[in-house]
Amino acid sequence: MTTTQSDITVTPDANPVLRVAPASPAAAAAYFGASLAFHADVSDVQAALAAGGDPGFVLLDSRSTESWDQGHIPGAVHLPTALIPEQAEQLLDRSVPVVTYCWGPGCNGATRAALALAQLGYQVKEMLGGFEYWAREGFEYETWQGRTIRDPDPLTAPADADDCGC
């Protein structure tokens, strides 16, 4: 038995991948296009920052001071999510897009920070992967002790190339 609701086709006896049919190409293009308007990945953020000059956005670390001290991306602005309503205007320019990050994919702190900023009138994107994937991809970061770098994790970054080809 196949049922259709709101352009979603469900076939209960199909395999788990196709139990809910893929969206139409037009719906998929709209969804994925919107996703790119809301998200940036770690490699793209790093490339924009490494290019020198003004990247056209501000990178915002929304974690606690203890987390910031443990490690953060060089050049990021530190503004914990809870302080955004009272401090965003002093630290950020509404005409400059903001890219938020938090710990990693298991944390929605960057999403909450992005929501708080959007509600205050800022253009905002969330950096997928957060600080975890920044460090795992072998990009330089700062701690209270100074700058450091880790070897790239071959599960998140190419072992012998500068570009993953995405």
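Residues numbered from 1 in each chain as written. Predicted model: local features only at pLDDT ≥ 70, side-chain atom pairs only at ≥ 80, totals over all residues. Heavy atoms only, no water.

Trainee: Where do I start with helix α5 (residues 109-119) in this structure?
Mentor: Helical geometry note: an α-helix holds 3.6 residues per turn, so side chains three or four residues apart project in the same direction. What α5 keeps buried is the set Gly109, Ala110, Ala113, Ala114, Ala116 and Leu117. Seen end-on, α5 carries its buried residues on one side only, within an arc spanning 160°. On its buried face, α5 sits against β4 (58-61), α4 (84-91), β6 (98-101) and β7 (124-128). Just downstream of α5 lies Gly121, where phi reads positive at about 100°. (Buried < 20%, exposed > 50% of the residue type's maximum accessible area, 1.4 Å probe, protein only. Helix = DSSP H or I, 4+ residues; strand = E, 2+ residues; numbered from the N terminus. Arc of directions from axis to C-beta. Contact = heavy atoms within 4.5 Å.)

Trainee: Looking at this structure, I do not really get the nonpolar core. What am I missing?
Mentor: Across soluble globular proteins, you tend to see nonpolar side chains buried next to one another. Judged by nonpolar contacts, the single largest core of 16 residues is most densely connected at Val45, Leu59, Ile73, Tyr101, Met127 and Trp134. Residue assignment for this core shows that the elements contributing at least two residues are α2 (42-50), β6 and α6 (130-136). Considering each element in turn, this core owes the most residues, 3 residues, to α6. Residues within four places of Trp134 in sequence aside, it is in contact with Val42, Val45, Gln46, Leu49, Ile73, Met127, Phe139, Glu140 and Tyr141. Counting 12 residues, the second largest nonpolar core, distinct from the first, contains Leu92, Ala114, Ala116 and Leu117. (Core = buried A, V, L, I, M, F, W, Y, C linked by side-chain atoms within 4.5 Å.)

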